[in-house]
Amino acid sequence: MRILPRYHTHAKRHPHSLINRIVGAHELSLYGQRVRVMVVESCFQASREVHERYDLKGSWVGRGGKMLKSRGDVLKDLDVRSRFLLAEEDARRISRHLREDAAFLKANNLIDYSLLVGVTKTRYEIEGAAQRRDTAVVGSGPGDGVASAPFHRLDSGGLAAAYVEGAELYSMGIIDILQDFNLRKRAEYLIKRFVCCQGKGVSVHPAGEYGDRFVRNVVEALIEPVRLGAEPRVIRGYTPAGSPLGMFDLKQSERRVALGRNRTRAAPVVPHPQQPQPFGAERSGVWAPPRTSPRLPGGGAGPPNQRR
C-alpha cells in the first residue's frame, strides 16, 4: 500500500498507462482474521470473447513451451509464436507507454509483474476458393473431358484454402504490480540463480534487471516496430519452441532448462591410445584402448588373470 501515492501520481501523469487500474482497497475481518482485498479493472472487455491469453514476463525458465490443452489455459512466454500484428503507429505508442510503466515499476523496486494479453480471433472467408480450378483437360480419346491433374492438385498444384484465421483484437494490461524485491525474494533469487544453477532465465530478479529484461524480451521483441534496415535479432541461432527470437539471450547450459529437458549424458571422451587408464575404467563405461596380454619369457601370451 506504500506505493499508492506514487501510483496515483503516475496514473495522473500518464493517463494511457497500461498498469491495471486499482479501483478499490478493502480490509475485511472474517472469523477473527483480517483479509485485505484489492479490486482492479479487468484487462478484457466482457462483450468480446478472448480465445487466447498470454502472461508475459520476459523470462523463460518454466514459462510455457506446452501445447494448448484447453480453451481457458493461460499461455506464457515460450508459447508465443510470432510478433503481435499491430499497426505501426499503435505499436509505437504502446511501446512508449510500456517503457514508461516499466521505468515506474523499476523505480519502486517492484518485480513479478507481467503483461497480460488477450487475443480475439476471427475468420475471413476466401472468395471463390472452390471455383479456382485449372481448366486444362486431356485431348480427344479415352477419358476425354477429365482434368489433367488429380483432384488434390487442381488449384495451382494443391487445394485452395477456404478461409484464413488470425488475431482481430489485442487486449492488454500490466498486472501483479505489488511484489517488491524484499529479503524473501532476494533469497529466492540467490538459490535459483546460483545454487540450483537455473541461470538468467528465472523469473525472480532484482527490480532493475527485471524491468530491463521485460522491456527487451516483451516490448522490443513482440510489440515495438522493427526499424527499417535492422537485422533480425537471432540470438546464437536458437529458437525455443518457435518463439520470436528477440526474447532469449541464452547460454548453451540454459537451453535445456528453457525447454524443460533433463540433462543429457555427455559423450565419452576418447583418450589418446598411449594415455594410461585408471583401474576399472572398462567397468565405468569410459572407452579404453584394448590391452594386449603381457608376453611370457617363452614368447607366448599369458591369460588375463596373470596380468600385473
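Trainee: What exactly am I supposed to notice about helix H4 (residues 207-223) here?
Mentor: At 3.6 residues per turn, the α-helix brings residues three or four places apart onto the same side. Within H4, the axis deviates most sharply at Val215, by approximately 25°. For H4, a buried count of twelve out of 17 residues is recorded, marking the element as mostly surrounded by other parts of the structure. Where H4 is concerned, the buried positions are Ala207, Tyr210, Gly211, Arg213, Phe214, Val215, Asn217, Val218, Val219, Ala221, Leu222 and Ile223. For H4, the elements touching its buried residues are strand S3 (52-56), helix H2 (88-107), strand S5 (110-111), strand S6 (114-125) and strand S7 (163-175).

Trainee: Looking at this model, I keep getting lost on the packing of H2 against H4. Mind explaining?
Mentor: Two packed helices can be described by the angle between their axes and the distance between those axes. Closest axis-to-axis distance for the H2/H4 pair is 9 Å, and the angle between their directions is 170°. As far as their axial angle goes, H4 and H2 are roughly antiparallel. When H2 is examined against H4, the residues Ala91, Ile94, Ser95, Leu98, Arg99, Ala102 and Lys106 are found in contact with a partner set consisting of Ala207, Gly208, Gly211, Asp212, Phe214, Val215, Val219, Glu220 and Ile223. Grouping the constituent residues of the contact of H2 with H4 by class yields nine nonpolar, three polar and four charged.

Trainee: Can you walk me through the sheet that holds S6 in this structure?
Mentor: Sheet strands pair via backbone hydrogen bonds, and the direction of the pair is either parallel or antiparallel. Across the sheet, which stays open at both edges, the four strands sit in the order S4-S3-S6-S7 with mixed pairing between neighbours. With one partner strand each, in any of the chains shown, strand S4 (74-75) and S7 form the two edges of the open sheet. By the bridge criterion, five bridges tie S3 to S6 in an arrangement that is antiparallel. Residue pairing in the sheet places Leu56 in a bridge with Leu115 of S6. Its contacts with the sheet place H4 against S3, S6 and S7, and it is angled at close to 15° to S6.

Conventions used here
Sequence order sets the numbering: in each chain, residues are counted from 1 along the sequence as written. Predicted model: local features are reported for residues with pLDDT of at least 70 only, side-chain atom pairs are reported and counted for 80 or more only, and whole-chain, interface and lining totals are derived from all residues. Calculated side-chain values reflect all of the structure's heavy atoms, with hydrogen atoms and water omitted. A residue's bend is given by the angle between axes fitted to the 7 residues ending at it and the 7 residues starting at it. Secondary structure elements are defined from DSSP: runs of H or I of at least 4 residues count as helices, runs of E of at least 2 residues count as strands, and each element is numbered from the N terminus. To sort residues, take the accessible area from a 1.4 Å probe on protein chains only and compare it with the maximum for the residue type: under 20% means buried, over 50% means exposed, and anything in between is partly exposed. Contacts were defined at the residue level, with two residues in contact if any of their heavy atoms lie within 4.5 Å. To get an axis, fit a line to the C-alpha atoms, keeping to the stretch in contact for a helix; angles then go from 0 to 180 degrees between the N-to-C directions. In what follows, roughly perpendicular refers to angles from 65 to 115 degrees, roughly parallel to angles under 35, roughly antiparallel to angles over 145, and oblique to any angle outside these ranges. Gly falls in the polar group here, along with every residue not listed as nonpolar (Ala, Val, Leu, Ile, Met, Phe, Trp, Tyr, Cys, Pro) or charged (Asp, Glu, Lys, Arg). By this definition, two strands are paired if DSSP reports at least two bridges between them.

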